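In case you want the letters, here they are:
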Amino acid sequence: MAQMNMIQALNSAMDIALSRDPSVVIMGEDVGYFGGVFRCTDGLQRKHGDHRVLDTPIAEGGIVGTAIGMGVNGMRPVAEIQFADYIYPAFDQIVSELARLRHRSAGDFFAPITIRSPSGGGIRGGQTHSQSPEGIFTHVCGIKVVMPSNPYDAKGMLLSAIEDDDPVVFFEPKRIYNGPFDGDPDKPARPWTTHPKGEVPEGHYTVPLGKAEIVRAGTDATIVTYGTMVHVAVAATEKCGIDAEIIDVRSMAPLDVATLRTSVEKTGRCVIVHEATRFSGYGAELSATIQEECFWHLEAPIQRVAGWDTPYPHAFEWEYFPGQKRIINALRTVMEA
Amino acid sequence: MIQKSRLHIPHPPARPGEAPDFSYLKISAPGEVPRPDVNTPAMEMADLAHSMVRVLKDDDKTTGPWNPHLEPEVLQVGLRHMMLTRAFDDRMQRVQRQGKISFYIKSTGEEAVAVAQCMALRPGDMLFPSYRQQGLQIARGRKLVDLMCQCLSNTRDMCKGRQMPIMYHSREGNLFSISGNLTTQYPQAVGWAMAAAMKGEDNLAASWIGDGSTAEPDFHHALTFASVYQAPVILNVVNNQWAISTFQAFAGGGREPFAARGLGYGIPGIRVDGNDFLAVYAVTEWAAERARTGAGPTLIEHVTYRASAHSTSDDPSRYRPKEDSESWPLGDPIKRLKQYLVQLGVWTEKQHKALELELEKHASDSWKEAVTYGTMSEGPALDPSDMFEDVYKEIPEHLKRQREQMLAEGGK
């Protein structure tokens, strides 16, 4: 075992994938010589060469479009979109092409590509470096959409994504690249060395896609969340004394319904937490699914804690960010009902 | 009175009721354009983008350095593929009018582009067509009945009923799945070519779009990536003058030829008479040699004319003169190749007529067979529960549940 932050864990996953499988290529803006603006691909070009770790033109639609063609021709591209906020120029290639290629060709063509993209706020990034667009992609049939919340999962899930024959959109919560963040911006930053999931095997392993994880067992209520908010929810729970069970969804699509059902049937109360805006957000899918699956066990209306339905405000980041206080309020609401 | 602003609004040279006018077309004399070495830098052969490669003369003879010197037997095969494409189109148009299929797109007048190009390439080359290159399918030996079954969404449809008519594909034929979205296949072809180069294979990729589609961002993506990585790819713009109802000037063709768009990227652009089978074959052979020898991509503009409607949902008499098609100065590709073969003494009018009848019958017989595998209203039908397959490699739980629900509810 080694101590790794998420950046190192992701780097290790790509390094292993490049070493194990000659069809893997890394491509994206600044990912090659420079090693990526977040350093996730640092050293990979030096080690594996500039024919396998490609710097690309600044053209997200071109990156995904060519990655599809490479995928169809037997390669396994791992494309980085530098920020999730910049993924929209590639939207047509992802939605109309990548997601549907297998289905429209009745299984004759497919593109096993992974699209990595840092997402989420909490870094003073304003509206162009803070967005959480996962719900836009979970609505698209034919792609998998995942988001790890710690280094161990980041590496194992990225290897699963790369090895998956279906396309995977892999969002990385950039606020927790270097350490778990509990939602309190005034506290000093904590490194991953202080967290058990900062222990990461150096070799190959996978964490399966489509499986949620219970990160804290509890009996009073269930918090369903993912990404950065997992750590905020843990801190909020410990602060308020409500014994909440916390589920890290990890894989938004496909969704591990069974784990959600078992927990909510036990607790009867549920709070859904995500950074993304609320209206038509992924929380709506979670809420609808849990209502359908657990209606007769619910003791209170399901609560959603989410980003406000506004563009991400630069100056009011912590008023906007769904922090501990709002999670605690929602927990109290479900407990009092 | 309608006020006119200083804004430039492109207009086609003639509208319905007016006389056709193709005086805007710059046409070189056959044989006039030199054939440079394939390794020549793009800017040193910039003239290729502004002139027009032509081989067939008005007297039905050939001339000039681009003559590919094909054997008569090869040309007869090309003629047959073009005629079969047209017979197929005519049959499918008719059955669409009878309500047997929902939609169709003809390629009438543009058959030389797909057929000659396909014949100039190798079977291992990957083709990324748009929706008007059915000639590629035919020249690659796809059976009419298979193409028809796709249009019928029947039990033999290679897409299993998941796509509109004409969105064919063939994995074994190296014909990529056709998308209704414009230009999306262009960067995909470049990516395929990049992978071929990475793997050390000498296959190339080729892709086709129309004049209007050059306005899409994926056009720029494809040319940028192709140029940066010198991908072994042939990017074709089939300039058939019309994007549904908008004249090619609305894509910028009124300023510079589409072929010239390559030059800014350092990619050679060649403008070719798209109705001259020999010229199309020759430029494709040239571009393929460039790609295979590592000299990089080529952009080819095929100057042709969309003789039919955009699709069965379109009525071109509302926006262009009815007589436009017959007045097209570059003629008809089938007629021109036929005249050449007749002039060579290897083909006769009688043989031509007999072949026409044979291919018409072949299309008609193929249709009769195709409908035995089902139509949208009668005969054997696809299993609707199959729609849940191939969304992912394995069917996820929620789709299994939805499939069960659909079956429990009786399917409809």
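Residues numbered from 1 in each chain as written. Chains lettered and ligands numbered in written order. Predicted model: local features only at pLDDT ≥ 70, side-chain atom pairs only at ≥ 80, totals over all residues. Heavy atoms only, no water.

Draft legend 1. Structural context of the pairing of strand 3 (residues 233–239) of chain B. Residue and element names in this part refer to chain B. Counting buried positions along strand 3 yields seven of seven residues, so the element is predominantly enclosed. The two faces of strand 3 match: Val233, Leu235, Val237 and Asn239 on one face and Ile234, Asn236 and Val238 on the other face are all buried. Pairing between strand 2 (residues 205–210) and strand 3: six bridges, direction parallel. In the sheet register, Ile209 faces strand 3, and the bridge partner there is Val237. Each parallel crossover has a hand, and for strand 2 linked through helix 7 (residues 217–229) to strand 3 it is right-handed. Of the pairings in the sheet, the one linking strand 3 to strand 7 (residues 298–303) comprises six bridges and is parallel in character. In the sheet register, Val238 faces strand 7, and the bridge partner there is His302. (Buried < 20%, exposed > 50% of the residue type's maximum accessible area, 1.4 Å probe, protein only. Helix = DSSP H or I, 4+ residues; strand = E, 2+ residues; numbered from the N terminus. Pairing = 2+ DSSP bridges. Right-handed = clockwise from strand over helix to strand, strands pointing away.)

Draft legend 2. Broad picture of the nonpolar core. Membership of the largest hydrophobic core comes to 77 residues, with the highest contact counts inside it found for Val53(B), Trp66(B), Phe88(B), Met92(B) and Phe277(B). The dominant element in this core, judged by the number of residues it contributes, is helix 8 (residues 277–292) of chain B, at 11 residues. The next biggest cluster of nonpolar side chains, apart from the first, holds 75 residues, and it includes Ile87(A), Val169(A), Tyr226(A) and Val264(A). (Core = buried A, V, L, I, M, F, W, Y, C linked by side-chain atoms within 4.5 Å.)

Draft legend 3. A look at the interface of chain A and chain B. Listed by partner, the interface residues are 41 residues for chain A and 41 residues for chain B. Three residues, Asn73(A), His103(A) and Arg104(A), lead the burial of chain A against chain B; their summed loss comes to 21% of the area buried on that side. At the junction of chain A with chain B, the criterion picks out two salt bridges. Summed over the shared surface of chain A and chain B, the number is 23 residue pairs in polar contact (both at pLDDT 80 or more). With nine residues, helix 3 (residues 60–72) of chain A is the single largest residue contributor to the side of chain A that touches chain B. Tallied by class, residues from the side of chain A that touches chain B come to 17 nonpolar, 15 polar and nine charged. (Contact = heavy atoms within 4.5 Å. Buried area = accessible area lost by both parts, 1.4 Å probe. Salt bridge = Lys/Arg side-chain N within 4 Å of Asp/Glu carboxyl O. Polar contact = N/O pair within 3.5 Å; in protein donor to acceptor, adjacent residues only side chain to side chain. Nonpolar A, V, L, I, M, F, W, Y, C, P; charged D, E, K, R; others polar.)

Draft legend 4. View of the domain arrangement of chain A. Residues and elements named next belong to chain A. On domain assignment, one finds that chain A holds domain 1 (2–200) and domain 2 (213–336). Its C-alpha centre places domain 1 at a distance of 25 Å from the equivalent point of domain 2. Counting residues at the interface gives 34 residues for domain 1 and 25 residues for domain 2. Carbon and sulfur atoms make up 57% of the area that domain 1 and domain 2 hide from each other, which totals about 2,400 Å². Taken together, the connections running from domain 1 to domain 2 amount to two salt bridges. Contributions of two or more residues to the side of domain 1 that touches domain 2 are made by helix 6 (134–138), strand 6 (144–146) and helix 7 (151–163). Classifying every residue of the side of domain 1 that touches domain 2 gives 13 nonpolar, 13 polar and eight charged. (Domains from an automatic or database assignment.)

Draft legend 5. Fine view of the environment of Phe83(A). Along the chain, the position of Phe83(A) falls in the loop between strand 4 (76–80) and helix 4 (91–98). By relative accessible area, Phe83(A) is classed as buried at 10%.

Draft legend 6. Fine view of the side chain of Thr298(B). All names here are of chain B. Residue placement: Thr298 occurs in strand 7. Exposure remark for Thr298: the relative accessible area of 0% places this residue in the buried category. Only 3.1 Å separates the side chain of Thr298 from the side chain of Arg290, close enough to count as a polar contact. In this view, Thr298 contacts Val233, Ile234, Leu235, Ile267, Pro268, Ile270, Trp286, Ala287 and Arg290; residues no more than four positions away in its chain are not counted.

Draft legend 7. Spotlight on the pattern of salt bridges. This model, assessed by the stated rule, comprises 41 salt bridges over all chains. Taking the shortest distance from any N to any O, the salt bridge between Arg306(B) and Asp314(B) comes out at 3.5 Å. In this pair, the class of Arg306(B) matches that of Asp314(B), namely buried. Lys338(B) is paired through a salt bridge with Glu349(B); the nearest N and O atoms lie 3.1 Å apart. In this pair, Lys338(B) is assigned in helix 10 (residues 333–344) and Glu349(B) in helix 11 (residues 349–372), connecting sequence segments 11 residues apart. Judged by relative accessible area, which is 46%, Glu349(B) ranks as partly exposed. Connected through shared salt-bridge partners, Asp21(A), Arg76(A), Asp165(A) and Lys393(B) make up one network.

Draft legend 8. Region of interest: unusual backbone geometry. The omega torsion across Ala253(A) and Pro254(A) is 5°, close enough to zero to call that bond cis. Mapped onto the elements, Pro254(A) comes out in the loop between strand 12 (251–253) and helix 9 (257–267). Positive phi outside glycine occurs at Asn174(B), with the angle close to 55°. Structurally, the position occupied by Asn174(B) is in the loop between helix 5 (144–152) and helix 6 (185–198). Located in the positive-phi region is Gln241(B), a residue other than glycine, with phi close to 80°.

Draft legend 9. Summary view of the sheet that holds strand 7 (residues 168–173) of chain A. All names here are of chain A. Read from one edge to the other, the open sheet built from seven strands follows the order 3-2-4-5-7-6-12, with strand pairing classed as mixed. Both outer strands of the open sheet, strand 3 (53–55) and strand 12, are each paired with one neighbouring strand and no more. Going from strand to strand, the sheet's axes swing by 20° on average, the running direction of each strand aside. Relative to strand 7, strand 5 (residues 114–119) runs parallel, the two sharing six bridges. Of the residues in strand 7, the one forming a bridge with Ser119 is Pro173. (Axes fitted to C-alpha atoms, helices over the stretch in contact; angles between N-to-C directions.)

Draft legend 10. Structural context of the pairing of strand 4 of chain A. Residue and element names in this part refer to chain A. Counting buried residues in strand 4 gives five out of five residues, a clear majority hidden from the surface. Here strand 4 shows no split at all, with Arg76, Val78 and Glu80 on one side and Pro77 and Ala79 on the other all buried. Bridging between strand 2 (residues 24–28) and strand 4 involves five bridges; their strand directions are parallel. When the sheet's bridge partners are listed, Gly28 is paired in strand 4 with Glu80. As paired strands, strand 4 and strand 5 are joined by three bridges and run parallel to one another. In the sheet register, Glu80 faces strand 5, and the bridge partner there is Arg116.

Draft legend 11. Region of interest: the domain arrangement of chain B. Residues and elements named next belong to chain B. Per the domain assignment, the segments making up chain B are domain 1 (44–58 + 68–379) and domain 2 (382–412). Computed over C-alpha atoms only, the centres of domain 1 and domain 2 are separated by 36 Å. Each partner contributes to the interface: domain 1 provides six residues, whereas domain 2 provides four residues. Summed over both partners, the interface of domain 1 with domain 2 buries about 420 Å², with 45% contributed by carbon and sulfur atoms. Summed over the three residues of domain 1 that lose the most area to domain 2, namely Thr155, Lys160 and Arg162, the buried surface amounts to 87% of that side. At the junction of domain 1 and domain 2, the tally comes to two salt bridges. We note a salt bridge from Asp390 to Arg162, for which the minimum N-O separation is 2.8 Å. At the junction of domain 1 and domain 2, the tally comes to three residue pairs in polar contact (both at pLDDT 80 or more). Residue composition of the side of domain 1 that touches domain 2, by class: no nonpolar, four polar and two charged.

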